[in-house]
Amino acid sequence: RNVTASPQTIRLSGYYGTAPVSFGSATIAPHGTWTAHASVLIAHPHLWSIDDPHLYKATLTLADVHGRELQRYVTYSGIRSITVTPGGRLELNGRLLNLRGAFVHEQNLIDGSALDSAQLAQLVRWIKQLGGHLIRSHYPLAPQIQELADRDGILIWSEVPVYQLRSEYLAQPSVIAQAHSILEQNILDNENHPSVLVWSIGSGLPSPATGPE
């Protein structure tokens, strides 16, 4: 986004692991935006898995027309596949999954939902101590928990707060539109986390459903 009143020419580039990624350059109009796209092929990738949660360091650098760095972004991501067999079994990288895990609420008896970084990390440690490989919650989890799950090889059932809605509410276009919006935002925010196993669209809804499809 160009926050100035003058056109700005910029270049965006980066790395996924050691593989260079070039998004090219663009001249952005005053107060305008540029959406950049690029792709890179990773030959013989080191796959992320429960037993070997390998992460690639991904970096982005935004530079001006003179090559001066304007902004830098760093994240970590992984490469893996989630598939479903003809019989309905989930596979991670072509291997059948047999998961055990726990349901998590980001709260405790003393501080409620105002958990600090150490308390969020403790939730993940408890999952590991139980021998769990799966976390489920009724809402998108805190970024720190998502990152720790990536690092520790824990899968996430990423749910949105569409919980125990009666059919009369599911029939309201405004409710469905809001549910779609929350789901879309969850995917945009967390799609680069290899720990995400499945995107949930709702929980505890009437079965069989009596509202609109």
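Being a predicted model, the structure only gives us computed values, none of them experimental.

J.: When you look at the side chain of D64 in this model, what are you seeing that I'm missing?
T.: Secondary-structure assignment places D64 in strand β3 (residues 56-64). Apart from residues lying up to four places away in sequence, D64 is in contact with T9, I10 and L70.

J.: What is the right way to look at the packing of aromatic side chains in this model?
T.: Centre distance and the angle of the planes are the two values used to describe a pair of aromatic rings. Enumeration according to the criterion identifies one aromatic pair in this entry. Aromatic pair Y16 and Y56: ring centres 5.2 Å apart, planes at 25°, arrangement stacked. Of the two residues, Y16 sits in strand β1 (residues 8-16) while Y56 sits in strand β3, which places them 40 residues apart along the sequence. Y56 sits in the buried class, given a relative accessible area of 13%.

J.: Is there a simple way to explain the sheet that holds strand β10 (residues 155-158) in this structure?
T.: Across a sheet, strands are paired by hydrogen bonds formed along the backbone, either parallel or antiparallel in direction. Taken together, the four strands give an open sheet; going across it, the order is β8-β9-β10-β11, and neighbouring strands pair in parallel fashion. A strand with exactly one partner marks an edge of an open sheet, and here the two such strands are β8 (101-103) and β11 (196-199). The sheet shows a mean angle of 15° between the axes of neighbouring strands, direction not considered. Of the pairings in the sheet, the one linking β8 to strand β9 (residues 134-136) comprises three bridges and is parallel in character. Considered in β9, the bridge of F103 is made with R136. Against the sheet, helix α4 (residues 173-190) touches β10 and β11, its axis set at about 165° to β11.

J.: Mind showing me how you'd approach helix α1 (residues 117-129) here?
T.: The α-helix advances 3.6 residues per turn, and as a result positions three or four apart in sequence lie on the same side. Compared with an ideal rise of 1.5 Å per residue, which puts 13 residues at 18 Å, α1 spans 18 Å between its outermost C-alpha atoms and is within 8% of the ideal. Along α1, the residues classified as buried are L120, A121, L123, V124 and I127. Looking down the long axis of α1, one finds its buried residues gathered within 145° of arc, a one-sided arrangement. Exposed and oriented more than 90 degrees from the buried face of α1 are A118 and Q129. In this structure, the buried residues of α1 make contact with β8, β9 and α2 (143-152). Capping the start of α1, D116 holds a side-chain oxygen 3.2 Å from the backbone nitrogen of A118, two or three residues further along. Of the residues trailing α1, G131 is marked for its positive phi of about 80°.

J.: Could you clarify how one ought to interpret unusual backbone geometry in this entry?
T.: Leave glycine aside and you will find that most residues have negative phi; peptide bonds, for their part, are mostly trans. Backbone geometry at H44 places phi at a positive 50°, although glycine is not the residue there. With respect to the helices and strands, the residue H44 is situated in the loop between β2 (19-28) and β3. One non-glycine residue, Q164, lies in the positive phi region at around 50°. For Q164, the location among the structural elements is in the loop between β10 and α3 (167-170).

J.: Can you help me understand the nonpolar core in this one?
T.: Taken as a class, soluble globular proteins show a tendency for nonpolar side chains to be buried jointly. Formed by 15 residues in total, the largest nonpolar core has its most connected members in L120, L123, I135, I145 and I154. At the level of elements, α1 and α2 are the ones that each hand at least two residues to this core. Ranked by the residues each element gives to this core, the list is headed by α1, at five residues. Each residue touching I135, except ones within four places of it in the same chain, is listed here: A102, V104, I127, L141, I145, I154, L155, I156 and W157.

The rules behind each value
- Residues numbered from 1 in each chain as written.
- Predicted model: local features only at pLDDT ≥ 70, side-chain atom pairs only at ≥ 80, totals over all residues.
- Heavy atoms only, no water.
- Helix = DSSP H or I, 4+ residues; strand = E, 2+ residues; numbered from the N terminus.
- Contact = heavy atoms within 4.5 Å.
- Phe/Tyr/Trp six-rings, centres within 6.5 Å; stacked < 30°, edge-to-face > 60°.
- Buried < 20%, exposed > 50% of the residue type's maximum accessible area, 1.4 Å probe, protein only.
- Pairing = 2+ DSSP bridges.
- Axes fitted to C-alpha atoms, helices over the stretch in contact; angles between N-to-C directions.
- Expected span 1.5 Å × (residues − 1).
- Arc of directions from axis to C-beta.
- Polar contact = N/O pair within 3.5 Å; in protein donor to acceptor, adjacent residues only side chain to side chain.
- Core = buried A, V, L, I, M, F, W, Y, C linked by side-chain atoms within 4.5 Å.

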